[in-house]
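Take a look at the letters that make up each chain.
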Amino acid sequence: MSRIPASLRLVRSTLVAATLCLGAVAANASALILGAPNASGQAGLVDIQKKISATGLISGSVDIFDVGNATPTLAQLSAYDAVLVFSDRAYSSATLLGNVLADFVDAGGGVVEAGLSHFTVGLRGLSGRFVTGNYDVFNSTLYQAACGTLGTVALPGSPLMAGIDAINAATGQCNNRLTLKAGSTLVASWSTGQPLAAYRLDHNAPVVGLNFYPVSGDASPGQWDSSTDGALLMANALAFVSPRVNAVPEPGSLALLAIAGLAAFAVRRRREA
């Protein structure tokens, strides 16, 4: 797949940031990446951190914490608006982590759960109250397979899909035979038919489920292609669950006019590219 020109990617990122003001992103939102990476180790955590930061959608700090070695406290999580949790090895304590994530949601913090955390607990998955209390989006599974590429988008107008043109994880890791829990809404699927993104809104803060391993092929060969929109999807998800939600701009306001102008500019640049 050809790489999108840097100038067009900048225009698109600016447009996405403006569009998300209509429903999901807020100034100075901060995020904590809670990962238990395997072979990529610290480099994998840093890869996610840098790529999410580079989107510009999370304007506060984006920090990392290895949950394969320790479990953060609620006080530590509460310093952030949203967290993204993932695994490719066992958590230090799947139960304690699940409990504190549920506590974080109860306190109004947003959670994005990415692969391969959707495994059953014996296979790198979460447990505790986050699972037993149905805070998570997907039912746990015993299976893993290659993701594929972006397939059917069930909700193209969702803020989760703003600016998403392509995601290529043809050899990347996903959980397989994954099903949605009751109360969850599917947003998009992989070309294999497996769910890619879904969310639920029935707790004190939104929870998003992303079915792909978030470390890119830059740090872990064979994972999602960094020339596609995996980082933007993660940033959109963190913005979506952040409690710092901006108000919808008033009709005729400068904010709304700016969004319209950016949209027109982006369309012109696409036609010229």
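The preceding data block contains the structure.
Residues numbered from 1 in each chain as written. Predicted model: local features only at pLDDT ≥ 70, side-chain atom pairs only at ≥ 80, totals over all residues. Heavy atoms only, no water.

1. As for the overall build of the protein chain
- In terms of helices and strands, the protein chain carries seven helices and nine strands.
- Relative to its full complement of 273 residues, the protein chain shows a buried share of 53%.
- Considering only contacts within the protein chain whose residues lie at least 6 apart along the sequence, 73% involve residues at least 24 apart.
- Total accessible area on the protein chain stands at roughly 10,800 Å², and carbon and sulfur atoms take up 56% of it. (Helix = DSSP H or I, 4+ residues; strand = E, 2+ residues; numbered from the N terminus. Buried < 20%, exposed > 50% of the residue type's maximum accessible area, 1.4 Å probe, protein only. Contact = heavy atoms within 4.5 Å. Areas by Shrake-Rupley, 256 points an atom, 1.4 Å probe, with all protein chains shown as cover.)

2. Re the packing of aromatic side chains
- One pass over the structure, following the stated rule, counts four aromatic pairs.
- Aromatic side chains Trp190 and Phe212 sit 6.3 Å apart centroid to centroid with 85° between the ring planes, which places their arrangement in the edge-to-face category. Residue Trp190 is found in strand β7 (residues 184-190), and its partner Phe212 is found in the loop between β9 (207-210) and α6 (230-241); the two are separated by 22 residues along the sequence. As far as the burial class goes, Trp190 and Phe212 line up, both buried.
- For the pair Tyr199 and Phe240, a centre-to-centre distance of 5.3 Å together with 55° between the ring planes defines the contact as tilted. Of the two residues, Tyr199 is situated in strand β8 (residues 195-200) and Phe240 in helix α6; the sequence distance between them amounts to 41 residues. (Phe/Tyr/Trp six-rings, centres within 6.5 Å; stacked < 30°, edge-to-face > 60°.)

3. Describing the pattern of salt bridges
- This model, assessed by the stated rule, comprises seven salt bridges.
- A salt bridge links Asp66 to Arg89, with the nearest nitrogen and oxygen atoms 3.0 Å apart. In this pair, Asp66 is assigned in strand β2 (residues 62-66) and Arg89 in the loop between β3 (82-87) and α4 (94-106), connecting sequence segments 23 residues apart.
- A relative accessible area of 23% means that Arg89 is categorised as partly exposed. (Salt bridge = Lys/Arg side-chain N within 4 Å of Asp/Glu carboxyl O.)

4. Some remarks on unusual backbone geometry
- For the bond from Gly115 to Leu116, the omega torsion is 0°, close enough to zero to count as cis.
- When you line up the elements, Leu116 lands in the loop between β4 (110-113) and α5 (129-132).
- Despite not being glycine, Asn134 has its phi angle at roughly 60°, a positive value.
- The topology assignment puts Asn134 in the loop between α5 and β5 (143-153).

5. Topic: the sheet that holds β8
- Judged by pairing direction, the sheet is mixed, and its nine strands sit side by side in the order β2-β1-β3-β4-β9-β8-β7-β5-β6 without closing on themselves. Each end of this open sheet is capped by a strand with a single partner; those strands are β2 and β6 (168-176). Going from strand to strand, the sheet's axes swing by 30° on average, the running direction of each strand aside.
- Sheet topology places β4 next to β9; three bridges connect them, and they run parallel. Within the sheet, the bridge partner assigned to Val112 lies in β9 and is Val208. (Pairing = 2+ DSSP bridges. Axes fitted to C-alpha atoms, helices over the stretch in contact; angles between N-to-C directions.)

6. A short note on the side chain of Lys181
- For Lys181, the position within the fold is in the loop between β6 and β7.
- Under the relative-accessibility criterion, Lys181 is labelled buried at 10%.
- A polar contact of 2.9 Å, which involves the side chain of Lys181, links it to the backbone oxygen of Val131. (Polar contact = N/O pair within 3.5 Å; in protein donor to acceptor, adjacent residues only side chain to side chain.)

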